[in-house]
Amino acid sequence: MKARLFLSTVCLTAAVSLSAQKSATITLQPDQANEVIPKEIYGQFAEHLGTCIYGGLWVGENSAIPNVNGYRTDVLNALKELKVPVLRWPGGCFADEYHWMDGIGPKENRPKMVNNNWGGTIEDNSFGTHEFLNLCELLETEPYISGNVGSGTVEELAKWVEYMTSDGDSPMANLRRQNGRDKAWKVKFLGVGNESWGCGGSMHPEYYADLYRRYATYCRNYDGNQLYKIASGASDYDYNWTKVLMDKVGRQMNGLSLHYYTVAGWDGSKGSATNFDNEDYYWTLGKCREVEDVLQKHINIMDQYDKNKHVALLLDEWGTWWDEEPGTIRGHLYQQNTMRDAMVASLSLDIFHKYTDRLKMANIAQVANVLQSMILTDGDKMVLTPSYHVFKMYNVHQDATHLPLTIACDTMNVRDNRQLPMISATASKDNSGKVHVSLTNVDLEKSQTVTINLADMKLKKATGEVLKAKNISDYNSFDQPNKVVPISFKDMKLKNGLLTVNLPAQSIVAIELD
Ligand code: AHR
């Protein structure tokens with residue numbers, strides 16, 4: 001990571017002082033507002049990996065940890081507040097070794113399996129289809145089921161769909177009734193495999209395209225349930241995968257997925273989640289922002305085959321990936337979450353909002369105790385991470401109309417001459433007419449005076465919240481769970497359609513205007 005030196009700052013604004021205070025200008029363009037930000041951009045992902053499910057979401061009805069039908073009460077309440085629109089399950093790589101029939105019926109009869117992808121942990125299948133879909137009902141979340149193509153059969157996946165969604169006198173619906181659930185669940189999102197180029201079967205795109213067509217054919221729409229079928233997509237820079245899938249599958253899929261992690265590299269250390277220097281920090285933000293270039297390239301390919309945007313792009317895994325915390329189990333991907341991760345979250349969401357004419361879903365990895373988590377648990381203790389707070393501060397943008405904007409600000413050279421803007425922002429208008437502007441100052445030292453031209457929107461009142469920490473490597477621990485939490489923000493003035501904000505160094509600010 002150290003080799004990618006950042007060099008100097010480049011001034012884009014007309015007037016930049018040499019003091020610790022900088023300035024930037026943002027102009028909102030409500031006349032160019034055409035897209036609604038789908039709430040699914042705020043999607044989450046829960047895999048049978050480490051303590052994401054067991055310990056994180058689920059402790060079982062007989063646990064001493066307070067729970068509602070086996071789901072941790074504290075986590076349930078925190079997720080309700082977050083407004084999770086969609087939850088992807090059971091993987092990830094786990095999905096392509098998961099046999100759903102092992103996870104239904106009386107718990108004592110459910111067979112165990114080895115979780116080969118994630119540390120060889122023994123999976124007892126006590127959290128299965130009923131436990132997942134009932135959780136989604138409690139959270140008022142749309143389930144996103146990831147089906148097994150790598151090691152499962154067409155029949156197995158077809159029967160799973162029938163089990164979950166058929167309300168008729170069909171064999172699988174009757175089996176579900178026998179297991180205590182009379183009414184079918186509604187399941188919209190169905191992933192046909194995961195990372196089929198890797199842990200999901202090591203396939204070539206041409207071969208997977210044919211398999212997708214075959215599996216998808218037998219996944220039926222039962223009794224008013226309408227499946228939205230998602231093909232397993234590319235990783236990062238694999239543009240050929242997208243090209244082949246668009247060519248060979250086309251409109252037989254509703255969506256095509258993509259995975260992009262903010263990760264230092266696969267060869268050796270990914271770096272510590274908490275122990276990093278300024279250079280690592282700026283490098284990380286450069287890598288995070290590179291997702292924009294990657295999205296544009298995949299979208300360009302999709303546009304060539306599908307001008308009218310019938311097939312959506314779904315970034316169904318994204319987020320930071322650091323070395324596992326020392327002392328934790330290898331393969332469980334447990335990492336801490338600092339103010340740097342919060343910055344990755346806000347910068348990424350700002351970018352995603354710009355591409356929602358094609359990008360219809362994004363799922364951060366993962367909801368609890370794995371990678372860039374919203375929530376960390378340890379026994380009966382729970383902490384909300386800085387990333388959780390960003391998702392909560394940003395949830396006002398769900399289903400709101402995106403307001404495009406331009407930013408003039410300083411940039412910094414990071415990662416072999418790529419430009420990192422010091423200010424990131426996004427804005428939207430909700431159904432009640434309220435405008436929300438989210439601002440991030442990535443500069444570690446300098447605050448910024450940001451002047452926002454609100455156009456002619458007749459906004460009279462501004463209130464705000466800020467997330468910042470003393471150090472960029474600060475995090476919430478079980479001993480200090482409230483070290484990085486949002487507080488009220490007042491350092492701004494609204495006059496004559498101009499909002500002037502004094503944006504502290506290394507901060508994320510959410511402003512509501514009406
Ligand atoms: O999120 C962890 C893993 O990352 C997922 O299981 C897999 O799809 C990806 O490689």
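Residues numbered from 1 in each chain as written. Predicted model: local features only at pLDDT ≥ 70, side-chain atom pairs only at ≥ 80, totals over all residues. Heavy atoms only, no water.

1. Re the sheet that holds strand E23 (residues 447-453)
Two modes of strand pairing occur in sheets, parallel and antiparallel, and in both the strands are linked by backbone hydrogen bonds. On the basis of which strands lie adjacent, the open sheet formed by 5 strands has the order E18-E2-E23-E27-E26 and mixed pairing. Both edges of this open sheet fall to strand E18 (405-408) and strand E26 (492-495), since each of them pairs with a single strand only. Looking at each pair of strands side by side, their axes are set apart by 15° on average, direction ignored. Here strand E2 (residues 21-28) pairs with E23 via 7 bridges, running parallel. From the neighbouring strand, Lys22 faces E23, where its bridge partner is Gln448. (Pairing = 2+ DSSP bridges. Helix = DSSP H or I, 4+ residues; strand = E, 2+ residues; numbered from the N terminus. Axes fitted to C-alpha atoms, helices over the stretch in contact; angles between N-to-C directions.)

2. A word on helix H4 (residues 171-178)
The set of residues buried in H4 consists of Met172, Ala173 and Arg176. Burial along H4 is one-sided: seen end-on, the buried residues are contained in an arc of 105°. Facing away from the buried side of H4, by more than 90 degrees, are the exposed residues Pro171 and Gln178. In this structure, the buried residues of H4 make contact with helix H2 (129-139) and helix H3 (154-165). Gly180 lies just past H4 and shows a positive phi near 100°. (Buried < 20%, exposed > 50% of the residue type's maximum accessible area, 1.4 Å probe, protein only. Arc of directions from axis to C-beta. Contact = heavy atoms within 4.5 Å.)

3. Here we look at the pairing of strand E13 (residues 312-321)
Burial analysis of E13 places 10 of its 10 residues in the buried class, which makes it a mostly covered element. Relative to E13, strand E12 (residues 255-263) runs parallel, the two being bridged by 8 bridges. Paired with Tyr261 across the two strands is Gly319, which belongs to E13. Pairing analysis gives 4 bridges linking E13 to strand E14 (residues 359-365), with the strands arranged parallel. Paired with Trp318 across the two strands is Ile364, which belongs to E14. Taken together, E13, helix H9 (residues 339-353) and E14 constitute a β-α-β crossover, and its handedness is right-handed. (Right-handed = clockwise from strand over helix to strand, strands pointing away.)

4. Digging into the domain arrangement of the chain
Entries for the chain in the domain assignment read domain 1 (2-35 + 403-513) and domain 2 (39-399). Each of domain 1 and domain 2 was reduced to a C-alpha centroid, and the two centroids are 30 Å apart. Counting residues at the interface gives 46 residues for domain 1, matched by 45 residues for domain 2. Taken together, both faces of the contact between domain 1 and domain 2 bury some 3,800 Å²; the carbon and sulfur share is 64%. Salt-bridge contacts for Glu290 lead to Arg418; the nearest nitrogen and oxygen are separated by 2.5 Å. Summed over the shared surface of domain 1 and domain 2, the number is 14 residue pairs in polar contact (both at pLDDT 80 or more). Mapped by element, the contributors of at least two residues to the side of domain 1 that touches domain 2 are strand E19 (411-414), strand E20 (418-421), strand E21 (423-429), strand E22 (435-441), strand E24 (462-468) and strand E28 (507-513). (Domains from an automatic or database assignment. Buried area = accessible area lost by both parts, 1.4 Å probe. Salt bridge = Lys/Arg side-chain N within 4 Å of Asp/Glu carboxyl O. Polar contact = N/O pair within 3.5 Å; in protein donor to acceptor, adjacent residues only side chain to side chain.)

5. A closer look at the pattern of salt bridges
Two side chains carrying opposite charge are able to pair once their charged atoms lie near each other. Evaluation of the coordinates by the stated rule reveals 24 salt bridges. Of the charged contacts in the structure, one is a salt bridge between Lys22 and Asp410, with a shortest N-O distance of 3.0 Å. Separated by 388 residues along the polypeptide, Lys22 in strand E2 and Asp410 in the loop between E18 and E19 bring together distant segments of the chain. Given a relative accessible area of 11%, Lys22 falls into the buried group. In this structure Asp410 comes out as buried when scored by relative accessible area, which is 3%. Here Asp74 makes a salt bridge to Arg72, at a shortest N to O gap of 3.0 Å. According to the relative accessible area criterion, Asp74 is partly exposed, its value standing at 25%. Each of Asp303, Asp306, Lys309, Asp357 and Arg358 takes part in one network of salt bridges that share partners.

6. Re the site of the ligand
Of all residues adjacent to the ligand, which total 13 residues, the nearest are Glu47, Cys93, Glu195, Tyr261 and Glu317. The separation between an oxygen atom of the ligand and a polar side-chain atom of Glu195 is 2.8 Å. In the model, an oxygen atom of the ligand is placed 2.7 Å from a nitrogen or oxygen of the Glu317 side chain. Within the complex, 94% of the 280 Å² of free accessible area of the ligand lies under protein. Of all the secondary-structure elements, those providing two or more residues to the shell around the ligand are E12 and E13. The class makeup of the residues in the shell around the ligand is 6 nonpolar, 4 polar and 3 charged. (Near = heavy atom within 4 Å. Areas by Shrake-Rupley, 256 points an atom, 1.4 Å probe, with all protein chains shown as cover. Nonpolar A, V, L, I, M, F, W, Y, C, P; charged D, E, K, R; others polar.)

7. Topic: unusual backbone geometry
Note that the residue after Trp89, namely Pro90, is joined by a cis bond; omega there is 10°. Structurally, Pro90 can be placed in the loop between strand E6 (86-89) and strand E7 (113-115). Of note, Ala455 is a non-glycine position whose phi angle comes to about 55°, a positive value. On the accessibility criterion, Ala455 (33% relative accessible area) is partly exposed.

8. Regarding the sheet that holds strand E10 (residues 189-192)
Within the closed barrel, the 8 strands sit side by side as E3-E6-E9-E10-E11-E12-E13-E14. Their pairing is parallel. For this sheet the average axis-to-axis angle between neighbouring strands, irrespective of direction, equals 30°. Of the strand pairs in this sheet, E10 and strand E11 (residues 228-235) are connected by 4 bridges, and their pairing is parallel. Of the residues in E11, the one forming a bridge with Val192 is Ala231. Packed on one face of the sheet, H9 meets E12, E13 and E14 and runs near 165° to E13.

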